[in-house]
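# Structural overview
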Amino acid sequence: MNTRSVRLAEPAVVVERRAGGALHLRSPHALGAYPTKLTERLDHWARVAPDRVLFAQRAGSSWRTLTYLEASRRARRVGAALLAKQLSAERPLVVLSGNDLEHALLHLGALYAGIPYAPVSPAYSLLSTDFLKLRSIFDLLTPGLVFVSRKEPFLGALAHAPCEVIDAVPEAEPGAALERAHAAVGPDTIAKFLFTSGSTGVPKAVINTQRMWCANQAMIASQFTFFRDEPPTIVDWAPWHHTAAGNHDFGLVIYNGGSYYIDDGKPMPGAIEATVRNLREVAPTWYFNVPRGYEALLPYLRTDAALRKSFFSRLKVLWFAGAAIAQHVYDEIKSMAPGIPFLTGLGSTETAPYTMGRMWETHDATNMGLPPPGAEIKLVPMEGKYEARIKGPHITPGYWRQPELTAAAFDEDGWYRLGDTFALENGDPARGLLFRGRMAEDFKLSTGTWVNVGPLRAKFIEHFAPLVRDVVIAGEGRSEVGALIFPAVDAPREQLLLKLKSLSSTGSSNRIARALVLEEPPSLDAGEMTDKGSINQRAVLKRRAALVDELYSNSERVLWT
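Definitions and cut-offs
Residues numbered from 1 in each chain as written. Predicted model: local features only at pLDDT ≥ 70, side-chain atom pairs only at ≥ 80, totals over all residues. Heavy atoms only, no water. Helix = DSSP H or I, 4+ residues; strand = E, 2+ residues; numbered from the N terminus. Rg over C-alpha atoms; globule rule 2.2 N^0.38 Å. Buried < 20%, exposed > 50% of the residue type's maximum accessible area, 1.4 Å probe, protein only. Contact = heavy atoms within 4.5 Å. Areas by Shrake-Rupley, 256 points an atom, 1.4 Å probe, with all protein chains shown as cover. Lys, Arg positive; Asp, Glu negative; His and termini not counted. Charge placed at Lys NZ, Arg CZ, Asp CG, Glu CD. Pairing = 2+ DSSP bridges. Axes fitted to C-alpha atoms, helices over the stretch in contact; angles between N-to-C directions. Parallel < 35°, antiparallel > 145°, perpendicular 65-115°, else oblique. Left-handed = near helix turned anticlockwise from the far one by under 90°. Nonpolar A, V, L, I, M, F, W, Y, C, P; charged D, E, K, R; others polar. Arc of directions from axis to C-beta. Salt bridge = Lys/Arg side-chain N within 4 Å of Asp/Glu carboxyl O.

For the protein, the count of helices and strands is 18 helices and 28 strands. The globule rule puts the C-alpha radius of gyration for 561 residues at 24 Å, and the 23 Å found for the protein is close to it. With the C-alpha coordinates aligned to their principal axes, the bounding extent of the protein is approximately 75 × 55 × 55 Å. Across the 561 residues of the protein, 58% fall into the buried class. Across the protein, contacts joining residues at least 24 apart in sequence account for 68% of those joining residues at least 6 apart. Surface accessibility of the protein: about 21700 Å² in total, with carbon and sulfur atoms responsible for 52%. The positive charge centre, built from 62 side chains, and the negative charge centre, built from 59, are 2 Å apart in the protein.

Written as structure tokens, this is what we have:
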């Protein structure tokens, strides 16, 4: 498939219909060979393109850089130093600070030495007041070494560290011990532990093996075939403790010989300006952002001609993931970038993460595409849609030291339960799977009627754009659906009321009967929002249960806090 001279995989799927209405989807193509360990690709590019920039980090008006050859050599030195500290799966490396060159070197060094590493959300250290999640992670992992970029901001968190803490990257002369350790790294070696958001309890440590990561990168490369001709240049702010950046993007660059410019911005007021500055200077060829990130960029793309010129000058693909994107945001971005495909995919921390992707243009932002070679999807009918379950070499073996959670994550036939639901466009799986929300978010009214939160939430946000930042749907066990609204800054009350009155519905499960407009934004510390900007429905409802009770007991249909 060619769009703006971009070579992408042609969409293709084999569909098998099973008893009970289940569908099995797979690519007609076999997954090609992939390396035993990701460092094979790093060493390959260190030989083929030694002076090419692998990582770059802003330093004032310029960029600090790390070439492939430098990264390969220094990673071996870091690996040797980590080995000397007797680290292992039982005593892994934990990194509490965010993305930077030092973090990248530690990760690569751990990969060389076969030592699992665990990047942890800095929010657990810097924004938390009780450090509950961080302490539970320490208890689960029993780390042998903790790294922070600077100790001072982390002092409160570091008081709970059960081991040595460092704020400088250790290096030592590599020798026979490192070579033996590196040779022993195989497909089942644990590359890292990645934590889920922990919104429904303490965080879970998802085991990520070399097989998972390398197989998944081969899947990705089979879809973005233009990477063979042009290694990707990316400008990326997304945190490495999330699978989207830490696995997908970090691995994508190394696997394909690309360059990773670490964006020091974020999609929030006071931080998005840094992203804009970076995108003016560095033109990406493949660009990833979460939906909230595209929303934050839009005002600048509308008004800044220099930004538009730089940003779109070399761009081959726009990519969103991590959450559902509002249709109006999707449409406006597409209108600014004619000929540049705006694509997406879906997966989870447990799937490394890529498990389906859309490699063609569509009018529907909820279309998540089809499985790549090597991945299989089982669609199980439920309540007028399908639950997705996954098999493939990219699936986690389970959760570290949590066997009961591992058992619950797989069905009786060994398929991983993704937890997401989908619909089919005109009943045809070959046209891509339409995302219909998380199973954990859906609920029943007291009448027994199911409320499908994903589509209802998307419809609500689209109707209220740009007045509403986000919304949480309430009503489980009650007679009617309610909404907890997080308004945009300075959204006029009269306009919100008018929008509420004009919101159409069909049936009790789609009719917003009550609404509560919240003054306090979603709390990152309380788990109501992730640091990639996704709202957590269950966490908001739990934390604000008293407000929900007030919403349903009050005679007024619309309340304001």
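Moving on, there is more to tell.
Locating valine 468 in the fold gives a position in strand 25 (residues 468-474). On the accessibility criterion, valine 468 (8% relative accessible area) is buried. Between the C-alpha atom of valine 468 and that of alanine 30, which follows or precedes it by 438 residues, the distance is 45 Å. Non-local contacts of valine 468, meaning those with residues more than four positions away in its chain, are made with Phe460, Ile485, Phe486, Pro487, Ala488 and Leu496.

Moving on, we get to the sheet that holds strand 27 (residues 512-517). Here we have four strands laid out as an open sheet, ordered 25-26-27-28, and mixed in their pairing. Sheet topology places strand 25 and strand 28 (558-560) at the edges, where each strand pairs with a single neighbour. Shown here is a sheet whose adjacent strand axes are inclined to one another by a mean of 20 degrees, direction ignored. Looking at chain direction, strand 25 and strand 26 (residues 481-487) are connected through six bridges and run antiparallel. Residue isoleucine 473 lies in a different strand from strand 26, and its bridge partner there is alanine 483.

Contact geometry of helix 1 (residues 39-48) with helix 2 (residues 68-84) gives a least axis separation of 8 Å together with a crossing angle of 135 degrees. By the criterion of interaxial angle, the relationship of helix 1 to helix 2 is oblique. You can see that helix 1 and helix 2 cross each other, and the crossing is left-handed. From helix 1, Leu42, Asp43, Trp45 and Ala46 reach across to helix 2, where they touch Tyr68, Leu69, Ala71, Ser72 and Arg76. For the contact of helix 1 with helix 2, a count of residues per class yields six nonpolar, one polar and two charged.

Side chains that are three or four residues apart share a direction in an α-helix, a result of its 3.6 residues per turn. Looking only at helix 7 (residues 176-184), the buried set comprises Leu178, Ala181 and His182. Within helix 7, the buried residues cover an arc of 100 degrees as seen down the axis, which keeps them to one side. Exposed side of helix 7, more than 90 degrees from the buried face: Arg180, Ala183 and Ala184 are the residues found there. Looking at the buried residues of helix 7, the elements they touch are helix 1, helix 2 and helix 3 (101-113).

All right, on to the environment of leucine 318 then. Here leucine 318 shows up in strand 16 (residues 317-320). Look at leucine 318 and you get buried, because its relative accessible area is 0%. Considered as a pair, leucine 318 and tyrosine 287 are 31 residues apart in the sequence and their alpha carbons are 5.1 Å apart. The residues contacting leucine 318, other than those within four sequence positions of it, are Tyr287, Tyr294, Phe311, Ile333, Ala337, Ile340, Pro341, Phe342 and Leu343.

So, about the packing of helix 2 against helix 3. With their axes 7 Å apart at the nearest point, helix 2 and helix 3 run at an angle of 70 degrees to one another. When the axes of helix 2 and helix 3 are compared, the pair comes out roughly perpendicular. In the crossing of helix 2 with helix 3, the sense of the turn from one axis to the other is right-handed. Packed against helix 2, whose contacting residues are Ala71, Ser72, Arg74, Ala75, Arg76, Val78, Gly79, Leu82 and Leu83, the element helix 3 presents Leu105, Leu106, Leu108, Gly109, Ala110, Tyr112 and Ala113 at the interface. In terms of residue class, the contact of helix 2 with helix 3 is built from eleven nonpolar, three polar and two charged.

With that settled, consider the sheet that holds strand 20 (residues 385-391). Spatial ordering of the open sheet is given by 3-4-19-20-21-22, a layout of six strands whose pairing is antiparallel. A strand with exactly one partner marks an edge of an open sheet, and here the two such strands are strand 3 (14-17) and strand 22 (428-438). If you compare each strand with its neighbour and ignore which way they point, the axes differ by 35 degrees on average. Across four bridges, strand 3 lies against strand 4 (residues 23-26) in antiparallel orientation. By the bridge assignment, arginine 17 is partnered in strand 4 with leucine 23.

This paragraph deals with the pattern of salt bridges. This structure, assessed with the given rule, holds 35 salt bridges. For arginine 76, the salt bridge goes to glutamate 179, with nearest N and O atoms at 3.1 Å. Highlighted residues: arginine 76 in helix 2 and glutamate 179 in helix 7, separated in sequence by 103 residues. For glutamate 164, the salt bridge identified is with lysine 85, shortest N-O distance 3.2 Å. Of the two residues, glutamate 164 sits in strand 10 (residues 164-166) while lysine 85 sits in the loop between helix 2 and strand 7 (93-95), which places them 79 residues apart along the sequence. On the accessibility criterion, glutamate 164 (38% relative accessible area) is partly exposed.

In short, shape yes, function no, at least from these values alone.
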